[in-house]
Amino acid sequence: MNAVDGILFGFSVALEWRNLLACFIGVLIGTVVGVLPGIGPVGAMALLLPATYALTPAGALIMLAGIYYGSMYGGSTTAILLKVPGEVSSVITCIDGYEMARQGRAGPALFVAAIGSFAAGTVGVIGLAFVGPLLSRAALTFGPPEYFALCLLGLMILSRLTDSTLSRAIIMVATGLALSTIGMEPMSGTSRFTFGFLKLAQGIDLVPIAMGMFGVAELLVMAEQKLKTETPISVRVRELLPTKEDWQRSWRPITRGSVMGFLFGLVPGPTAMIATFASYALERKLSRHPEQFGKGAIEGVAGPEAANNGAAQGAFIPLLTLGIPFAPASAMLLTALLIHGVQTGPLMMVNNPEVFWGVVSSMYVGNFMLLVLNLPLVGVFVALLRLPMYLIANIVALLCLVGTYAISNSLLDIWVLLISGVAGYLLRKLRFEPAILVLALALGPILERSFLQSLYLVQGEWMEIFQRPITAGMLITGLVVLVAPALLRLVRR
Amino acid sequence: MNSRAPGLAAALMFLVIGGGQFYMALDLPRGTLAEPGPAVFPLLVGVLMSAASIAGLVRALVERDPVHFDLRTDGARPAVLVAALVAFLLLLPRVGFILPSLLLQMITLQVFGMRGLWRRLAVASVTTAAAVFLFETLLGVQFPTPSWTF
């Protein structure tokens, strides 16, 4: 199936009424999650996992993917109207978006953010449709050593892309990998580190850990800071349309941001956030009026908003083509796919074309829904922001607990949720990055299996692993990423 | 704690965890390089964590901008919330969902600043009823049945 046939087939899947409904629910929840503080897209995806059991694998993934990119839309609303980023990837939008809102131009800022996100979604779908099959074909030549090197490369890049120091990042990687060793060893089935708990033989579930680290920990941070409900700047639907000059100043940043975001999304780590910063810096450099940045320049909203959505779409490529999650949200999608019995990896496109192409095309449908939904209903989402913080926190707390329990009716899962929530709170206070831990936990089983298979393959001659060109290339790249900042510092001195 | 203590304590804790994993993995079959056993990967992870923790310890000692965190002042409200969550978990298998849910929500609402006992009770009751309807009635989740034993 070529890319065009694939997209058309995907639309036939995405436009089935059940999948349309799943997509609508996903993007709606994603927008709400993006607008409200507390739970975040990863937590929301984890919460809705049990609700996807009744859906087909394609429907489940369409809904969960909708939450992820929908949250990118929602995050910009609070950034523009409140100067509070709903998501980390909307931080940069606060600068010029909020300034525009203060000058009475909240409508054009919201409109350009929505159009930018839609354009990035379009670029993302085209990119997914054309790059995905190419990467899948390339991945068919991968053996265990290449998968081992790819996972290692992902973790190395991730260690460098976050705010943590290298030692803190490696500690988080090692902790995630250590947690992934609990349960049965992938080759022999030997039980490890179960401490007498039968359920632990199946390994530590990603869901309670992710919910704890992102949901409960956020709740504890909110409790500490005693966040108050803010009053957002009001905006009327008739004030939404941008002027001709706004359009002229926005379309180039939107185009550049979409492509840049998509490319950033292919790389492991918090790339949606990094893409927004890169886009903002680029637009400021290219602008004829750099002095307006920080004072309400529309380019400062258009570029970054396109970039964060582009990155969200690009992040699906490693998951759908290689079966490797490079972001916590992708790890949740991988969990959903495994629950639904879908084997991820390069053969997914052949064995489950309805899932691959259905999800790719649904992103276009979902982005269109978001555009139609978000602009006229901006008042409704703004009204959500007026909800008292105690109500939001109360609902988030209950949803985290009951949602986690609902996944496998297990009390042990809620204990894991609570422990990881407290750990996540303390880790944040101590400047560790819990997202690295979650991703290492997701990558751990793939890394261990491919590592052991590689050793079997080369009959213990471990140097042979590093003599394969792709493996060597990936590991050298990873090492360069790890040591380059330290070397640069030395050179500057 | 306006000192290096939190950073040092964290690095030490991870050193203990890494060392602990290494020690426990020694009990597992190690196999050979050609046929590696279940101990190999945990042993490597234990070494990685221990090495990174030692680097973290050194860094915490020389860090110019140490972590500022005082659990007694910063962590007071979160601690109340954690206590409420623990109480929920302990009560859930014994008395079922409704009472622990009401208790947890009453405390959560207070921690986040909602005034008035009866208002908190009203909100908690409505949310509990909604959760039972959504999860038990619609999604078929089976909450633990009360055992009434302590």
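Predicted model only: the values in this text are computed from it and were never measured. (Residues numbered from 1 in each chain as written. Chains lettered and ligands numbered in written order. Predicted model: local features only at pLDDT ≥ 70, side-chain atom pairs only at ≥ 80, totals over all residues.)

## Some details on the overall build of chain B
Phase 1 of the analysis: For chain B, the helix and strand inventory stands at 6 helices and 0 strands.
Phase 2 of the analysis: Helices (α) and strands (β) of chain B occur, in sequence order from the N terminus, as α-α-α-α-α-α.
Phase 3 of the analysis: Counting the 150 residues in chain B, one finds 34% classified as buried.
Phase 4 of the analysis: Put simply, of all contacts in chain B between residues at least 6 apart along the chain, 61% involve residues at least 24 apart. (Helix = DSSP H or I, 4+ residues; strand = E, 2+ residues; numbered from the N terminus. Buried ≥ 20, exposed ≤ 12 C-beta atoms within 10 Å, placed from the backbone. Contact = placed C-beta atoms within 7 Å.)

## With respect to the overall build of chain A
Phase 1 of the analysis: Across its full length, chain A holds 22 helices and 2 strands.
Phase 2 of the analysis: Since a compact globule built from 493 residues should have a radius of gyration of about 23 Å, the 22 Å found for chain A is in line with a globular shape.
Phase 3 of the analysis: Counting only C-alpha atoms and orienting by the principal axes, one finds that chain A spans roughly 70 × 60 × 45 Å.
Phase 4 of the analysis: Across the 493 residues in chain A, those meeting the buried criterion constitute 62%.
Phase 5 of the analysis: For chain A, the share of sequence-separated contacts (at least 6 apart) that also reach a separation of at least 24 residues comes to 79%. (Rg over C-alpha atoms; globule rule 2.2 N^0.38 Å.)

## Regarding the packing of helix α2 (residues 17-35) of chain A against helix α4 (residues 57-82) of chain A
Residue and element names in this part refer to chain A.
Phase 1 of the analysis: Interaxial distance between α2 and α4 falls to 6 Å at its minimum, and their mutual angle equals 30°. By the angle class used here, α2 and α4 are roughly parallel. Relative to α4, the crossing made by α2 is right-handed.
Phase 2 of the analysis: Each residue belonging to the contact of α2 with α4 can be placed in one class, and the counts come to 18 nonpolar, 13 polar and 1 charged. (Axes fitted to C-alpha atoms, helices over the stretch in contact; angles between N-to-C directions. Parallel < 35°, antiparallel > 145°, perpendicular 65-115°, else oblique. Left-handed = near helix turned anticlockwise from the far one by under 90°. Nonpolar A, V, L, I, M, F, W, Y, C, P; charged D, E, K, R; others polar.)

## Overview of unusual backbone geometry
Residue and element names in this part refer to chain A.
Phase 1 of the analysis: Within the chain, Phe 195 stands out as a residue other than glycine whose phi angle is a positive 50°.
Phase 2 of the analysis: Tracing the backbone shows Phe 195 in the loop between β2 (191-192) and α9 (206-225).
Phase 3 of the analysis: On the basis of neighbour count, Phe 195 is assigned to the exposed category, with 7 C-beta atoms found within 10 Å.
Phase 4 of the analysis: Residues other than glycine seldom take positive phi values, yet Gln 459 does so here, at roughly 55°.
Phase 5 of the analysis: Structurally, the position occupied by Gln 459 is in the loop between α20 (434-457) and α21 (463-467).
Phase 6 of the analysis: A count of 12 C-beta atoms within 10 Å places Gln 459 in the exposed class.

## Topic: the interface of chain A and chain B
Phase 1 of the analysis: On the chain B side, the residues contacting the 50 residues of chain A number 54 residues.
Phase 2 of the analysis: Among the elements of the structure, α8 (166-180), α9, α18 (389-408), α19 (411-429) and α20 of chain A are those that each provide at least two residues to the side of chain A that touches chain B.

## A look at the nonpolar core
Phase 1 of the analysis: By size, the foremost hydrophobic cluster in this structure holds 207 residues, and its most contacted members are Met 45, Leu 61, Leu 64 and Ala 210 of chain A.
Phase 2 of the analysis: For this core, the leading source of residues is α4 of chain A, giving 16 residues.
Phase 3 of the analysis: Among the domains, domain 1 (5-69) and domain 2 (73-138) of chain B are the pair contributing at least three residues each to this core.
Phase 4 of the analysis: Beyond its immediate chain neighbours, meaning those up to four positions away, Leu 61 of chain A contacts Leu 333, Ala 336, Leu 337, Val 355 and Val 359 of chain A. (Core = buried A, V, L, I, M, F, W, Y, C linked by C-beta atoms within 7 Å. Domains from an automatic or database assignment.)

## Quick notes on the domain arrangement of chain B
Bring the parts together and some accessible area is lost; that lost area is often taken as the interface size.
Phase 1 of the analysis: When the domains of chain B are assigned, the result is domain 1 (5-69) and domain 2 (73-138).
Phase 2 of the analysis: Inter-centroid distance (C-alpha atoms) of domain 1 of chain B to domain 2 of chain B is 37 Å.

## With respect to the packing of α4 of chain A against helix α6 (residues 106-139) of chain A
Residue and element names in this part refer to chain A.
Phase 1 of the analysis: At a closest axis distance of 10 Å, the pairing of α4 and α6 adopts a crossing angle of 160°. By the angle class used here, α4 and α6 are roughly antiparallel. The handedness of the crossing between α4 and α6 is right-handed. Of the residues in α6, those in contact with Tyr 69, Met 72, Tyr 73, Ser 76, Thr 77, Ile 80 and Leu 81 of α4 are Ala 106, Ala 109, Leu 110, Ala 113, Ala 114, Ser 117 and Gly 121.
Phase 2 of the analysis: The residue makeup of the contact of α4 with α6, split by class, is 10 nonpolar, 4 polar and no charged.

## Things to note about α6 of chain A
Phase 1 of the analysis: The largest bend in α6 of chain A amounts to roughly 30° and is located at Val 131 of chain A, with the proline Pro 133 of chain A lying one to four residues further along.
Phase 2 of the analysis: Here α6 of chain A lies mainly inside the structure; 24 of its 34 residues are buried. (Bend = angle between axes of the 7 residues up to and from the residue.)

## Focus: α9 of chain A
Residues and elements named next belong to chain A.
Phase 1 of the analysis: With 20 residues, α9 should reach 28 Å at 1.5 Å per residue; the first-to-last C-alpha distance of 28 Å fits that figure.
Phase 2 of the analysis: Taking the largest bend as the criterion, α9 deviates by roughly 35°, centred on Gly 212.
Phase 3 of the analysis: Along α9, 17 of the 20 residues are buried, which leaves the element largely enclosed by surrounding structure. (Expected span 1.5 Å × (residues − 1).)

## Comments concerning the confidence of the model for chain B
Residues and elements named next belong to chain B.
Phase 1 of the analysis: Summarising the model, chain B shows a mean pLDDT of 86, and 89% of its residues fall at 70 or more.
Phase 2 of the analysis: When mean pLDDT is compared element by element in chain B, helix α5 (residues 98-111) scores highest at 93, while helix α3 (residues 71-74) scores lowest at 67.
Phase 3 of the analysis: Both scores are given for the predicted complex: the pTM is 0.82, the ipTM 0.90. (pLDDT = per-residue confidence, 0-100.)

## Topic: the environment of Met 72 of chain A
Residues and elements named next belong to chain A.
Phase 1 of the analysis: In this fold, Met 72 is placed in helix α4.
Phase 2 of the analysis: We classify Met 72 as buried; it has 31 C-beta atoms within 10 Å.
Phase 3 of the analysis: Each C-alpha atom of the pair Met 72 and Asn 308 lies 6.9 Å from the other, and the pair is 236 residues apart in sequence.

## A closer look at the confidence of the model for chain A
Interpretation of this model should avoid reading the predicted coordinates in detail wherever pLDDT is low.
Phase 1 of the analysis: Scored by pLDDT, chain A has a mean of 84; 94% of the residues are at 70 or more.
Phase 2 of the analysis: Considering each helix and strand of chain A separately, the mean pLDDT is smallest for helix α17 (residues 378-384) of chain A, with a value of 73, and largest for α8 of chain A, with 92.

## Thoughts on the environment of Glu 63 of chain B
Residues and elements named next belong to chain B.
Phase 1 of the analysis: Structurally, the position occupied by Glu 63 is in the loop between α2 (40-62) and α3.
Phase 2 of the analysis: On the basis of neighbour counts, which here come to 15 C-beta atoms within 10 Å, the residue Glu 63 falls in the partly exposed class.
Phase 3 of the analysis: Separated by 59 residues in sequence, Glu 63 and Arg 4 place their C-alpha atoms 8.0 Å apart.
Phase 4 of the analysis: Apart from residues lying up to four places away in sequence, Glu 63 is in contact with Arg 4 and Gly 7.

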